[in-house]
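What follows is the residue order along each chain.
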Amino acid sequence: MTSATNRQDRRQFLGGGARTVGAMALAGFSGFLAGRSGKAEETVWQIDPDVCTTCGNCATYCVLDESAVKAVQCFDLCAMCDPCPGYFDLSHQERTTAAENQLCPTGAVLRTFIAEQAGVPRFEYYIEEKDCIGCGKCVEGCAMMNGSLYLQVRHDRCVNCNQCAIAIACPSQAFRRVPASQPYLMKKKALAATQRRGS
Amino acid sequence: MTNQPAVRPAGLGVIVVVATAALVAGLAVWLIDRSGGSGHRLPEKFVYQIDKYKQIDPGLLAYEEVFCFDSGLKDASAVAIGLEDRIFAAGDRSIRIFDSRGGRLAAIELAARPSCLAVAPADHPQAGRVFVGLGDQIGVFSGEGQPLASWPPLGEKAILTSIALAEADVFAADAGQARVHRLSLEGDVLGAIGGQRGGRGWAPFAVPSPFFDVAMHPDGWLRVVNPGALRVEAYSFEGNLQLFWGEGGARIDGFFGCCNPANIAVLPDGRFVTAEKGLVRVKIYSADGQFESVVAGPETFGAAAGAVNESLSDHEYTAVDVAVDGKGRVVVLDLTTAKIHGFQTKAGSGESEAADGSR
């Protein structure tokens, strides 16, 4: 039996129902907005070049047949030297582009004569990405001097796995997620060199 | 006895298939290296093989380490020898002076980071004076550390990396302008070798990094390292090229990489001590540039040159500075660890007579 004081009339029932529906709509709209802002935080994999040790795992642990990791060149750091340690093999006999003199086994590092300066020829070095397997051999050679070459995940190839196989196999934990809007990382000193040039 | 056909128990095939699948899956999980622990498995040709160049043939090592101590500097930049074989180590914002056993004698406090220094020898008109490169200008101090003069800046882009003293001239290597300034003992600019204003037909210098060294030689010519050309060049005071020597290459008689030697010093008998950066090697060359022996190799110094899985910090600044004392001992300042190492010829190595200048 229901007492007279607890009895709810039609007006109260409709009012309560409207408040409940309003609260649900508000929560739903907030969730929609949160979902939209979450999309802006989409991230991709990238190598922190200041942490990378060029262990070679990038070349073999990627799920792709040909790794998404490639060597890249920071031209602001490159001294454009003729005897480039990132281009010439340690045991090279002469400074020519003959395959036996090159450090890169796939010939992915290319050099072009630019000018003669101080009696010494200067060359531009760049990476032919289709030939690069991401082994980092040139990066190690270059790091013995100026260090303008380093490894990066190329996002025209990377399939952005949730669990990147290279990131798991990376001994220095150089792989990290970065905003998709800024998918590449520069070395700290490369960034400084670029900023110096811009200023 | 009744013959009955063999009856296969129901479900055995399913059990066999499931067991095989489980075995294969287990093997796969066991064999697949997901952590990278088994390495990259790349063929040898994809591996940068610097290690064999870091190993020095013991037969070529003609020196032995006789002392090593910490300079206490955080950011070491240069070393020089003063009167009575005192060791001057520059870095941070000071110069620290040690005796030849590592005892700290004094310190000179500076307003800026010293990039290079030279101390006038006993037979110099200003014996004991300390000439310090402070970015774009030279400061002069007495042997006791009293400031005597601060010479005007040598250009907006000047980066002084080395100072050499002749009887009446001071030579300052400027990596920023790829030029060697010639100054009087009072700081007046007398001329320059190399650089844009040095154009008299001689080849100026290729200086890809802030290592550009000069030294006076007993034959009266100035020695200048042309690092981008991987050679040591001799110049008259007027800037005329007299001779040069040096070859590139990772082999022991060459200069490694793009730009070496980073630093040089001259032994009392005119032979050279060279120090390479990147692959840190301190070596001895004859007065006419023939490779003779090794003072110390990469393993001696704290630098992780070419170290795998250790650091990819570039070895541009993995370098040492060298100086020679009156007894022919080679003093090395490791710019990475700020330690000072002293080397003298091994007894019976055939080098000991040469070290005191008698060869």
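Calculation notes
Counting restarts for each chain, with residues numbered from 1 along the sequence as it is written. Whichever chain is written first is A, and whichever ligand is written first is 1; the rest continue in order. For a predicted model such as this one, the threshold for reporting local features is a pLDDT of at least 70, and the threshold for listing and counting side-chain atom pairs is 80 or more; totals across whole chains, interfaces and linings nevertheless cover every residue. Helix and strand definitions here come from DSSP, where helices need a minimum of 4 consecutive H or I residues and strands a minimum of 2 consecutive E residues; each element is numbered from the N-terminal end. Backbone-placed C-beta atoms define the burial measure: a residue is buried with 20 or more other C-beta atoms within 10 Å of its own, exposed with 12 or fewer, and partly exposed in between. C-beta atoms are first placed from the backbone for all residues, and any pair lying within 7 Å is then listed as a contact. Here the globule rule is a power law, 2.2 Å times the number of residues to the power 0.38, and the radius of gyration is based on C-alpha atoms. Charged means Asp, Glu, Lys or Arg here, nonpolar means Ala, Val, Leu, Ile, Met, Phe, Trp, Tyr, Cys or Pro, and polar covers whatever is left, Gly included. Defined on buried residues, the nonpolar core groups Ala, Val, Leu, Ile, Met, Phe, Trp, Tyr and Cys residues joined through C-beta atoms within 7 Å. A pair of strands is labelled paired if DSSP reports no fewer than 2 bridges between them. Axes here refer to lines fitted to C-alpha atoms; in helices the fit is confined to the stretch in contact. Angles between the N-to-C directions go from 0 to 180 degrees. What pLDDT conveys is the predictor's confidence in a given residue, as a value from 0 to 100.

1. Focus: the overall build of chain B
Looking only at helices and strands, chain B features three helices and 24 strands. Looking at the 359 residues of chain B, the share that counts as buried comes to 45%. Sequence-distant contacts, at least 24 apart, represent 47% of the contacts inside chain B between residues at least 6 apart.

2. Regarding the overall build of chain A
On a plain count of helices and strands, chain A comes out with five helices and six strands. Each helix and strand of chain A, ordered N terminal to C terminal, gives the series α-β-α-β-β-β-α-β-α-β-α. Taking 2.2 N^0.38 as the reference for a compact globule, 199 residues should give roughly 16 Å; the C-alpha atoms of chain A span a radius of gyration of 28 Å, well beyond that estimate. Considered along the principal axes of its C-alpha atoms, chain A spans approximately 105 × 40 × 25 Å. Evaluated residue by residue, chain A yields a buried proportion of 37% over its 199 residues. Looking at chain A alone, contacts between residues at least 24 apart form 74% of all its contacts between residues at least 6 apart.

3. Considerations on the interface of chain B and chain A
At the junction of the two partners, chain B supplies 38 residues and chain A supplies 33 residues. Considered class by class, the residues forming the side of chain B that touches chain A number 19 nonpolar, 13 polar and six charged.

4. Some points on the nonpolar core
Residues and elements named next belong to chain B. One finds Phe88, Leu117, Ile163 and Val273 to be the most contacted residues of the largest nonpolar core, which totals 143 residues. The element contributing the most residues to this core is strand S2 (residues 76–81), with five residues. Other than its neighbours up to four places away in sequence, Leu117 contacts Ala78, Ala80, Phe88, Ala90, Ile95, Val130, Phe131, Val132, Gly133 and Ile163.

5. Some details on the sheet that holds strand S22 (residues 320–324) of chain B
Residues and elements named next belong to chain B. Read across the open sheet, the four strands follow the order S1-S24-S23-S22; overall the sheet is antiparallel. Pairing within the sheet leaves two strands with one partner each, and these edge strands are strand S1 (63–70) and S22. Going from strand to strand, the sheet's axes swing by 20° on average, the running direction of each strand aside.

6. Some points on unusual backbone geometry
Most peptide bonds take the trans form, and the phi angle of most residues other than glycine is negative. Residue and element names in this part refer to chain B. With an omega dihedral of -5°, the bond running from Asn260 to Pro261 counts as a cis peptide bond. Looking at the secondary structure, you find Pro261 in the loop between strand S17 (241–245) and strand S18 (263–266). Non-glycine residue Leu230 carries a positive phi angle of around 55°. Mapped onto the elements, Leu230 comes out in the loop between strand S15 (222–226) and strand S16 (231–235).

7. Quick look at the pairing of S22 of chain B
All names here are of chain B. Of all the five residues making up S22, five are buried; the element is thus mostly covered by neighbouring parts of the structure. Burial along S22 is two-sided: Val320, Val322 and Val324 facing one way and Asp321 and Ala323 facing the other are all buried. Here S22 folds back onto strand S23 (residues 330–334) in antiparallel fashion, the turn holding five residues, of which Gly328 has a positive phi close to 85°.

8. Quick notes on the environment of Leu279 of chain B
Mapping Leu279 of chain B onto the fold places it in the loop between strand S19 (272–275) and strand S20 (282–285). Residues Leu279 of chain B and Tyr53 of chain B lie 226 residues apart in sequence; the distance between their C-alpha atoms is 8.2 Å.

9. Some points on the confidence of the model for chain B
Caution is warranted with low-pLDDT regions, since their predicted coordinates should not be read in detail. Residues and elements named next belong to chain B. Counting all residues, the mean pLDDT for chain B is 88, and 86% of those residues have values of 70 or more. Confidence over residues 352–359 falls short of pLDDT 50; this stretch has 18 contacts with residues more than four positions distant or in other chains. As a predicted assembly, this complex carries a pTM of 0.82 together with an ipTM value of 0.79.

10. What to know about the environment of Glu233 of chain B
Residue and element names in this part refer to chain B. Residue position: Glu233 is located in strand S16. Put simply, Glu233 and Gly246 are 13 residues apart on the chain and 8.8 Å apart in space, counted from C-alpha to C-alpha. With residues up to four places along the chain from it excluded, the contact list for Glu233 reads Val224, Asn226, Leu241 and Phe244.

11. Some points on the sheet that holds strand S13 (residues 189–194) of chain B
Residues and elements named next belong to chain B. One open sheet accounts for four strands, arranged S10-S11-S12-S13; its pairing is antiparallel. A strand with exactly one partner marks an edge of an open sheet, and here the two such strands are strand S10 (160–165) and S13. Looking at each pair of strands side by side, their axes are set apart by 20° on average, direction ignored.

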